[in-house]
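One-letter residues, chain by chain:
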Amino acid sequence: MIRSHFKGVLVEGNKTYAEVTRDIALPTETKPSRWWYAAMTLATLALLAGAWALYHTFAYGLGTWGINNTVAWGWDIINFVWWIGIGHAGTAFTIFLLIFRQKWASSINRTAEAMTVFAVICAALFPLLHMGRPWLAFYIIPYPNSRGPLWLNFNSPLFWDVLAISTYLLMSITLWYFGMIPDLATIRDRSKNKFKKTIYGIFAMGWSGSAIQYNRYEALNKILGGLAAPLVISVHSIVALDFAVSVIPGWHTTIFPPYFFVGAIFSGFAMVLTIMIMLRKVLKIKDFVTDKHLEFIARVLQFGSLIIGSSYLMEIFIAWYSGVEYEAFTFLHVRASGKFSPDFWIMVLCNAIMPQFFWFKKFRKSLFWLFIISIMVNIGMWFERFVIIVSSLSQDFLPANWATYKPTLVDIGLYVGTFGLFMAGMLMFIRFIPIIAINEVKGISKLGYKKNKE
Amino acid sequence: MSKRSIIGVFDDESRVVSAIKKLKENKVKINDVYGPFASHDILSLVTKPSRLPHLAFIFGAGAAISTFLFVYYTSVINYPLSYGGKPTFSFPPMVVIIYLITILGTATLSVFAFLGRTATYPGKKAKMPGIGAMDDKFFVVIDQKNAVADVESLMRNNGAIEIRYEEF
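Note on numbering: residues in each chain are counted from 1, in written sequence order. Chains and ligands are labelled sequentially in the order written, the chains with letters from A and the ligands with numbers from 1. The model is predicted, so local features are restricted to residues of pLDDT at least 70 and side-chain atom pairs to those at 80 or more, both for listing and for counting; the totals for chains, interfaces and linings are taken over all residues.

Peer 1: Can you walk me through the overall build of chain B in this structure?
Peer 2: Secondary structure summary: chain B contains 5 helices and 4 strands in total. Only C-alpha atoms enter the radius of gyration, while the globule expectation follows 2.2 Å times N to the 0.38, with N the number of residues. Taken over the C-alpha trace, chain B has a radius of gyration of 25 Å; the compact-globule value for 168 residues is 15 Å, which it surpasses by more than 25%. C-alpha extents for chain B along the principal axes are approximately 80 × 30 × 30 Å. Exposure in this text rests on C-beta crowding, where 20 or more other C-beta atoms within 10 Å of a residue's own make it buried, 12 or fewer make it exposed, and counts in between make it partly exposed. The C-beta atoms are placed from the backbone. Expressed as a percentage of the 168 residues in chain B, the buried residues total 33%. The secondary structure listing takes helices from DSSP runs of H or I that are at least 4 residues long and strands from runs of E that are at least 2 residues long, numbered from the N terminus.

Peer 1: Help me understand the nonpolar core in this model?
Peer 2: Across soluble globular proteins, nonpolar side chains have a tendency to be buried as a group. Note on terminology: a nonpolar core is a set of buried residues of type Ala, Val, Leu, Ile, Met, Phe, Trp, Tyr or Cys, with members joined through C-beta atoms within 7 Å. If you look at the biggest cluster of nonpolar residues, it comprises 174 residues, and the most contacted ones within it are Met115, Phe269, Val272 and Leu301 of chain A together with Val33 and Val140 of chain B. Among the elements that line this core, the one with the most residues is helix α8 (residues 211–244) of chain A, at 17 residues. Lining this core are residues from two domains, each supplying at least three of them: domain 1 (4–49 + 133–167) and domain 2 (52–117) of chain B. Once C-beta atoms have been placed from the backbone, residue pairs whose C-beta atoms lie within 7 Å are recorded as contacts. The contacts of valine 33 of chain B, once residues within four sequence positions are left out, are Ala211 of chain A together with Val16, Ile20, Ile42, Val46, Phe138, Phe139 and Val140 of chain B. The split into domains, and so the bounds of each, comes from an automatic or database assignment of domains.

Peer 1: When you look at the domain arrangement of chain B in this model, what are you seeing that I'm missing?
Peer 2: Interfaces are frequently sized by the accessible area removed from exposure as the parts join. Its domain assignment divides chain B into domain 1 (4–49 + 133–167) and domain 2 (52–117). Centre-to-centre, using C-alpha coordinates, domain 1 of chain B lies 45 Å away from domain 2 of chain B.

Peer 1: I'm lost on the interface of chain B and chain A in this one. Help?
Peer 2: Counting from both sides, the interface comprises 52 residues of chain B and, opposite them, 52 residues of chain A. Sorting the residues of the side of chain B that touches chain A by element identifies β2 (32–34), α2 (40–46), α3 (52–78) and α4 (91–117) of chain B as the ones contributing at least two each. Among the elements that make up the side of chain B that touches chain A, the one with the highest residue count is α4 of chain B (14 residues). All residues other than Ala, Val, Leu, Ile, Met, Phe, Trp, Tyr, Cys, Pro, Asp, Glu, Lys and Arg, Gly among them, are scored as polar; the first ten of these are nonpolar and the last four charged. Looking at side-chain class alone, the side of chain B that touches chain A contains 32 nonpolar, 13 polar and 7 charged residues.

Peer 1: Explanation requested: the packing of helix α1 (residues 17–29) of chain A against helix α6 (residues 157–190) of chain A in the structure shown.
Peer 2: Packed helices, taken two at a time, are described by their axes: the angle between them and the distance between them. Residues and elements named next belong to chain A. Packing of α1 against α6 brings their axes to within 11 Å, and their N-to-C directions diverge by 80°. Between α1 and α6, the crossing angle belongs to the class labelled roughly perpendicular. Residues Thr21, Ala25 and Thr28 of α1 lie in contact with α6, whose contacting residues are Thr186, Ile187 and Arg190. Residues that form the contact of α1 with α6 fall into these classes: 2 nonpolar, 3 polar and 1 charged. Axis angles are defined between N-to-C directions and span 0 to 180 degrees, where every axis is a line fitted to C-alpha atoms and, for a helix, only to the segment in contact. In what follows, roughly perpendicular refers to angles from 65 to 115 degrees, roughly parallel to angles under 35, roughly antiparallel to angles over 145, and oblique to any angle outside these ranges.

Peer 1: Honestly, the sheet that holds strand β3 (residues 138–143) of chain B in this entry has me stumped. Any pointers?
Peer 2: Sheet strands pair by backbone hydrogen bonding; their relative direction is either parallel or antiparallel. All names here are of chain B. A sheet is described by the order of its strands in space; here 4 strands give the open sequence β2-β3-β1-β4, paired in antiparallel fashion. The open sheet has two free edges, formed respectively by β2 and β4 (162–167), since each of these has just one partner strand. Ignoring which end each strand starts from, the neighbouring axes of this sheet average 25° apart. Bridge count for strand β1 (residues 4–10) against β3 is 6 bridges, and the pairing is antiparallel. Note on β3: the bridge partner recorded for glycine 8 is valine 140. Paired strands are those between which DSSP finds at least two bridges.

Peer 1: Sorry if this is basic, but what is going on with the pairing of β4 of chain B here?
Peer 2: Residues and elements named next belong to chain B. Counting buried positions along β4 yields 0 of 6 residues, so the element is predominantly exposed. With 6 bridges connecting them, β1 and β4 associate as antiparallel partners. Looking at the pairing, isoleucine 7 lines up with arginine 164 of β4.

Peer 1: Can you help me understand unusual backbone geometry in this one?
Peer 2: Note on backbone geometry: most residues besides glycine have negative phi, and most peptide bonds are trans. One non-glycine residue, lysine 284 of chain A, lies in the positive phi region at around 55°. By the secondary structure assignment, lysine 284 of chain A is in the loop between α9 (256–283) and α10 (291–321). Lysine 284 of chain A sits in the exposed class, given 12 other C-beta atoms within 10 Å. Its identity as a non-glycine residue notwithstanding, lysine 27 of chain B has a phi of 60°, on the positive side. Assignment of secondary structure puts lysine 27 of chain B in the loop between α1 (13–25) and β2.

Spelled out as structure tokens, the structure:
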């Protein structure tokens, strides 16, 4: 097992347990500040835009989207893959950093998991709407039916995707909820309002903090964590198989599953960084999410960026080296130069080049640059999906079929709507749930201080 | 059922650990320890390793086998459909489905096993030895019948801030 020898402190201020509870529980016990209402208003407006787009999609059909016969996958699948990628951060944070014994993750994993839950919900909306008749979505569940019984095509990656996404959503919610049961009990015990006490009490499920209970709870968490680790790898690999199993040039490559997986972790960590920088600013949690935490995330991003960058290079190299002219055409004449070259180079700049600035301590320490680069990575990862999906489809084997793609207002509305959903979810989360795992942080809050005393 | 208990209250993890060690040296049986977080030192002293992982393994094996049987039944026996002349029984794509359902099944069943074993359900009332167990206090609960040694002074000497004799 890998052990990390961490020097220094993980929670600043040598806080007592009571102080840790007080500091983290504060946002759930006080009235939200003005910025919270402002952000909620923004989220509501975005949700309204989404509702308008949803109405148009339902009332007039998928014809209101920018997709056409040639480019049959457009913003819907781009946004789906993008949100799923962001949804990988939570589980990656909890599980992989747990496996590597990285205790610093304790302060961030609750927020990252919340992000996962809301991002996966946003992602799941797109394929659901893309079905055209979402009210028949239950057809994709294998159950004995009166249509034969006609079962699903179990050989199809699209069916694996349905399974993977729904399993992932369920697992993320379970991990997130079970992780917060002791903290809900903490809030329950602290609250003086009877109504609040009852609500938190229901969700805390009679948690008493007994060692016997903790023992089983830890065992359960280990099982869930151990299961989520292979799951998180499989989810984005299966999303990649949606593309890789087809015969479209630019999709039909074996590098896709690992490349998509790293891309997902990369974009997820970038989103965690963006959100943590903002939350740190407004919620006064600097003692728990220190500059060091942000620096660690930056290092992960830098490492991810190296893998992503080499994947880009490898794709282009194989396109040339394989001698398949369609592949070479897509990579060299459609993406690197040609109609989609601006998008391609934005992707390379944001994902492969910008995070390399994190080699320098100055950039890792500067909140401004951390924020800017994390946003750039989010944009870059969106463009990556755009380049993969649209460039391959719009110019494939038959030039007679070539077509351009332009998103419509409805496409944009839906995307904005999911932002609203995500933001609203996150805002409700920071309002009602302790955003840092109080019980876990208490276990590490004395680290670094004890040694000094001894 | 409440019993007459001795409850030692502590406010520091290392003190509880040393008190528990002393109590165990004197062969005092500890009923339970309540605290704000899962301290591995306390858990290893007070509890036996949970058997939940063994159960999870059985769940996983069951889920894997039943998923295989289900997919085999649907695609080979019940409604064999030819997709471009490919064989109806093809194991590689089944691996993905078995893999995912094994994870889903194991997780779900383990959660229910945990809830059942700990008798936890939404809205259950918490039975706690005192206020602060989920904040900053540790409570060592000992059955008065098991107090074979001078429990009170053992705990006091190891940093207990309060000793209570009550029904719990």
